[in-house]
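Residue strings, one per chain:
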Amino acid sequence: MAASSTEICNNALTLIGARRIVSVNDPSKEGRACNDNYDISRKALLRLHPWNFATMRKVFTRTVISSVVDDGSGQCLVTTATAHGLTIGDLVIVEDVAGTTEVNTTGSTISANTTTSFTLPIAFVNAYTSGGYCLKTSLFGYKYKFTLPSDFLRIHTLADTADVALAEDEWKIEGLFLLTDYTDLRLRYIFDCSDTTLFDALFDEAVALMLATKIAFKISGSEMQVDNLQRRLRDVVGKARFV
């Protein structure tokens, strides 16, 4: 594991025979080149391989509904047991509500909300008795729309609650969302890990090599050096597949 991003940058500079820097904010040509390309190289490599040090887990479930009442204007006001994460204008699917069954619908648009409640443009008719779930829904194609973690980079594995992996045509990533027809999922994903003390030794080496390939020609002007670095990078990433 590297002590800092500066250490990795200096490893890259050493590979191309360039002057070392004091920090990634070094105003020198070498420092600017490293600063411009370090994060790009790090994120690209995280996406190339399911690194154990950068793996996180998340469980996706629908939000539980605790009540449905008249909002005072004749529309349905839905209250949830926990924060629902919905905003005005979101398309929502509501399922399994008993009593106020008129609220069970797909594709209704939220017209008002708080952290744990939202209003739907549906006439309130029947008293709520029990149950119910809600979640964002997509405009078409898939039933449920889960919000991905803010540090998400790529999926490692995606399975149902029995740990049976979903087939590739059973889910899709679009923007910041995971679309699927499954209600409860277990996600293992690669997160945007920037803490160098967590990096695997092979990842340290790979980032230095990728960074070196990006800055070598700018600093040394040697295409042959770039080709050699790219070959070494492919070898290191290949070794990582067996870790």
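Per chain, residue numbering runs from 1 following the sequence as it is written. In keeping with the model being predicted, local features are shown solely for residues with a pLDDT of at least 70 and side-chain atom pairs are shown and tallied solely at 80 or more, while totals for entire chains, interfaces and linings include all residues. As a rule here, side-chain values cover all heavy atoms of the structure and leave hydrogens and water aside.

**Description of the sheet that holds strand 11 (residues 171-174)**
Rules: Two strands form a pair only when DSSP identifies at least two bridges running between them. The secondary structure listing takes helices from DSSP runs of H or I that are at least 4 residues long and strands from runs of E that are at least 2 residues long, numbered from the N terminus. What counts as an axis is a line fitted to C-alpha atoms, over the stretch in contact for a helix, and the angles between N-to-C directions run from 0 to 180 degrees.
Sheet architecture is open: 3 strands sit in the order 9-12-11, paired in antiparallel fashion. A strand with exactly one partner marks an edge of an open sheet, and here the two such strands are strand 9 (144-147) and strand 11. Across this sheet, the average inter-strand angle for adjacent strands is 25°, counted without regard to direction.

**Here's the deal with the sheet that holds strand 5 (residues 105-109)**
Read across the open sheet, the 7 strands follow the order 5-4-8-2-3-7-6; overall the sheet is antiparallel. At either margin of the open sheet sits one strand with a lone partner, and together these are strand 5 and strand 6 (112-114). Taking the axes of each pair of neighbouring strands and ignoring which way they run, one obtains an average angle of 35° across the sheet. Pairing analysis gives 5 bridges linking strand 3 (residues 75-80) to strand 7 (residues 117-123), with the strands arranged antiparallel. Looking at the pairing, Cys 76 lines up with Leu 120 of strand 7.

**Comments concerning the confidence of the model for the chain**
Defined as follows: The predictor's confidence in any single residue is recorded as pLDDT, a number from 0 to 100.
Of the residues in the chain, 98% have a pLDDT of 70 or more, and the chain-wide mean is 93. Helix 4 (residues 223-240) is the least confidently modelled element of the chain, averaging 86 in pLDDT, while strand 2 (residues 63-70) averages 98, the highest of any element.

**Structural notes on the environment of Thr 105**
Formally: The buried label applies to any residue whose accessible area, calculated with a 1.4 Å probe on protein chains only, is under 20% of its type's maximum; exposed applies above 50%, and partly exposed to all values in between.
Following the sequence through the fold, Thr 105 ends up in strand 5. Using a relative accessible area of 22% as the deciding quantity, one classes Thr 105 as partly exposed. Along the chain, Thr 105 and Ile 93 lie 12 residues apart, while their C-alpha atoms are 5.8 Å from each other.

**Points about the pairing of strand 12 (residues 177-180)**
Across 4 bridges, strand 9 lies against strand 12 in antiparallel orientation. Residue Lys 145 lies in a different strand from strand 12, and its bridge partner there is Leu 179. Relative to strand 12, strand 11 is paired through 4 bridges, and the arrangement is antiparallel. Along strand 12, the bridge assignment pairs Glu 174 with Phe 177. With antiparallel pairing between neighbouring strands as the criterion, strand 11 and strand 12 make up a hairpin whose turn holds 2 residues, including Gly 175 at a positive phi of roughly 60°.

**Quick notes on the packing of helix 1 (residues 5-15) against helix 2 (residues 29-48)**
Worth spelling out the cut-off: Note that the term roughly parallel is reserved for angles under 35 degrees, roughly antiparallel for angles over 145, roughly perpendicular for angles of 65 to 115, and oblique for everything else. Rotating anticlockwise by less than a right angle from the far helix to the near helix defines a left-handed crossing, while the corresponding clockwise rotation defines a right-handed one. Should any heavy atoms of two residues lie within 4.5 Å, those residues are counted as being in contact.
At a closest axis distance of 11 Å, the pairing of helix 1 and helix 2 adopts a crossing angle of 115°. One way to sum up the angle between helix 1 and helix 2 is to call them roughly perpendicular. The interaxial crossing formed by helix 1 with helix 2 has right-handed handedness. Contacts between helix 1 and helix 2 involve Ser 5, Ile 8, Cys 9 and Leu 13 from the former and Glu 30, Cys 34 and Tyr 38 from the latter.

**Quick notes on the pattern of salt bridges**
The condition that has to hold: Criterion for a salt bridge: a side-chain nitrogen of Lys or Arg within 4 Å of a carboxyl oxygen of Asp or Glu.
This structure, assessed with the given rule, holds 10 salt bridges. Residues Arg 19 and Asp 26 are paired through a salt bridge, measuring 3.7 Å at the closest nitrogen-oxygen approach. Take Asp 26: its relative accessible area is 12%, and that puts it in the buried class. Its salt-bridge partner being Lys 143, residue Glu 95 comes within 3.0 Å of it at the nearest N-O pair. Separated by 48 residues along the polypeptide, Glu 95 in strand 4 (residues 91-95) and Lys 143 in the loop between strand 8 (133-136) and strand 9 bring together distant segments of the chain. Counted as one network, the salt bridges with shared partners bring together Asp 39, Arg 42, Lys 43 and Asp 192.

**Considerations on the packing of helix 3 (residues 201-220) against helix 4**
Definition in use: When residues are grouped by polarity, Ala, Val, Leu, Ile, Met, Phe, Trp, Tyr, Cys and Pro land in nonpolar, Asp, Glu, Lys and Arg in charged, and all others, Gly among them, in polar.
Put simply, helix 3 and helix 4 touch, their axes get as near as 9 Å, and they point 165° apart. In terms of orientation, helix 3 and helix 4 fall into the roughly antiparallel class. Judged by the twist between their axes, the crossing of helix 3 over helix 4 is left-handed. Across from Leu 202, Glu 205, Ala 206, Leu 209, Met 210, Ala 212, Thr 213, Ala 216, Phe 217 and Ser 220 in helix 3, the residues of helix 4 making contact are Glu 223, Gln 225, Val 226, Leu 229, Gln 230, Arg 232, Leu 233, Val 236, Lys 239 and Ala 240. Class assignment for the residues of the contact of helix 3 with helix 4 results in 12 nonpolar, 4 polar and 4 charged.

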